[in-house]
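Structural description and commentary
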Amino acid sequence: MTLWTDRVRPETLGGLTGEVSLADDAVDARDAIAVEAPFTGEEIGTVPAATEADVTAAVERARAAQAEWASRPLERRTDVLSRFHDLVLDRREELLDLVVIESGKVRRDAFEEILDVATNARYYGSRADEFLTTRRRHGAIPLLTRTEEHRHPRGVVGMISPWNYPLTLAVSDALPALVAGNAVVLKPAEETPFTALRVAQLLEAAGLPEDVFSVVTGRGSEVGPALIDRVDYVAFTGSTETGRAVARRAGENLVDCSLELGGKNPMVVLADADLDRAVQGAVHGAFTNAGQLCISFERLYVEEPLYDRFLRRFAERTRELGLEAALDYGVEVGSLASSDQLEKVEAHLADAVEKGATVVTGGEARPDVGPYFFEPTVLTDVTPEMDLAREETFGPIVAVHRVADAEEAVERANDSAYGLNASVWTDDGERGRELAAGIDCGTVGVNDPYPAAWASVDAPMGGMGDSGLGRRHGREGILKYTQSQTVAEQRGPPIAPPDVPGVPRDVATRLYARTTTGLLRVLKRLAEVR
Ligand code: NAD
């Protein structure tokens, strides 16, 4: 296949390398990190491996730029998001080329990233005032205490992102941070730096001042800790293992962090589900981005009466999926992102088969299509001692289990250390929503694999258990990038025993205690009738 398009050429990527935020000295002394195109395995460019000094310089520049940015009226900051929204849609095809070339996903899956970025830009661009404007709160004593809650930016946010959604994870979580008045320094994954660098250019074209959003490329083990040590908040997306190291480091620095981590996501199919929709949902939910989606399904629990028909149809539909290394919209399944990913998928499958799992369809690498392609794979007879029963595979392998009833399905869905995303399929929406609320995951779709919850950006999204801390989207997704400050003005007598000349202190204090007790009783009664 031809990797390059009219919109994205080798020179385009070479130009993007110049966008990396580096210290001014010794530019040539850094080693280069090679970036490859998973479709072919060929090197498409290099980016510098930033040093600790580069991180220091990037954070200092960000800090200097942040103060002026935060002082701008909110409407001027939201205007940038509005223009960025339009630019992303205008440059859609170029961005898709870049994401596809760099990540090896297919175009239709890459389009979900455009959708996500535009949705977040619109949401925070139009709703930020609701979250950030100073609010009156109930004062300690009605009428006498005037209390306000301010929301101040934290300062410089360090963002660390993985390779699987190079556009979304470079910017969707950065938008609320920026509109709240922070600067952001992003460390993208080593595998996918170019999309992040293009995002930095587009934000600047949308009117974001220089250095308010910058990108430092480099190795996670070097740039990651250096960044965490210098910023005022850490927004991390990646594996649970790295997330724990990030949390430890942030904790040591007493810097708050959000952690969007891995999952082992279950899908529950009840006997009354619409079979076609459920099969389509399982294919979408398990094989989008070749299963390299944090919220994709790796465990399916199907109620007994539907199990045989479901498995047959799901296997048939999976077998029909077309794998291709091509840039156009028609391709259904793309490549795994790297040789590491392929190795992990093959190791999980080999372990499962050795321990008795049955391959219903798929199960083979496809070097004839591209070096890291792997067939969408459906397994049965998966048992708890297999690695893939509990660990995140992060590939196109899904295990289908037969369950007696909905209760068993929910119990087994909850039998995991992770708690990111789940879905329930049934003809009875009310029952589905009820069961969904009993599944220990941060998002649960009813008759939908993940887009409905993911795109409902007014509602929080994130993980329970080992899937993370904190939330993106909605109120939580922006307030985490702020520090609250309470300002309370006491207009009447102080909330303390009065100092009355000529009255002994114990008498005045007893009187104060008695009156305040009466007041507390009245306040409780008022709270009860409210
Ligand atoms: P990873 O944890 O290996 O890397 C993520 C990022 O952390 C990369 O930029 C990496 O360079 C950096 N990093 C590595 N070591 C570091 C360290 N010691 N300190 C700081 N940063 C460090 O994850 P990955 O393999 O790139 O991504 C796949 C994982 O991400 C999967 O587990 C997937 O489920 C998860 N993920 C979660 C979400 C979510 O929203 N919950 C979204 C996408 C991916």
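Here goes a summary of the coordinates provided. (Residues numbered from 1 in each chain as written. Predicted model: local features only at pLDDT ≥ 70, side-chain atom pairs only at ≥ 80, totals over all residues. Heavy atoms only, no water.)

It is worth spelling out the pairing of strand β6 (residues 183-187) at this point. By the criterion of burial, β6 is predominantly enclosed, with five of the five residues buried. Burial along β6 is two-sided: the face carrying A183, V185 and K187 and the face carrying V184 and L186 are both buried. Pairing between strand β5 (residues 156-160) and β6: five bridges, direction parallel. Note on β6: the bridge partner recorded for V157 is V184. Sheet topology places β6 next to strand β7 (residues 213-215); three bridges connect them, and they run parallel. Of the residues in β7, the one forming a bridge with V185 is S214. (Buried < 20%, exposed > 50% of the residue type's maximum accessible area, 1.4 Å probe, protein only. Helix = DSSP H or I, 4+ residues; strand = E, 2+ residues; numbered from the N terminus. Pairing = 2+ DSSP bridges.)

Within the secondary structure, P494 is located in the loop between β20 (482-490) and α19 (505-529). The exposed category is assigned to P494, whose relative accessible area is 56%. As a C-alpha pair, P494 and L144 span 350 residues in sequence and 9.2 Å in three-dimensional space.

Among the structural elements, K187 can be located in strand β6. At 3.5 Å, the side chain of K187 forms a polar contact with the side chain of E190. Those residues in contact with K187 that lie beyond four places of it in its chain are M159, I160, S161, V216, G218, R219, G220, V223, G224 and L227. (Polar contact = N/O pair within 3.5 Å; in protein donor to acceptor, adjacent residues only side chain to side chain. Contact = heavy atoms within 4.5 Å.)

Together, F111, L115 and Y329 make up an exposed nonpolar region whose accessible area comes to about 260 Å². On the secondary structure map, Y329 appears in the loop between α12 (304-320) and α13 (339-354). Y329 sits in the partly exposed class, given a relative accessible area of 37%. (Patch = residues over 30% accessible without salt bridge, like charges linked within 9 Å, V, L, I, M, F, W, Y side chains within 5 Å. Areas by Shrake-Rupley, 256 points an atom, 1.4 Å probe, with all protein chains shown as cover. Salt bridge = Lys/Arg side-chain N within 4 Å of Asp/Glu carboxyl O.)

What follows covers the site of the ligand. Around the ligand, a shell composed of 28 residues is seen, among which S161, S239, T242, L261 and E392 lie nearest. In this structure, an oxygen atom belonging to the ligand sits 2.8 Å away from a side-chain N or O atom of E190. In this structure, an oxygen atom belonging to the ligand sits 2.7 Å away from a side-chain N or O atom of S239. Burial of the ligand by the surrounding chains reaches 86%, relative to a free accessible area of 850 Å². Among the secondary structure elements, those contributing two or more residues to the shell around the ligand are α9 (220-228), β8 (233-237) and α10 (240-252). (Near = heavy atom within 4 Å.)

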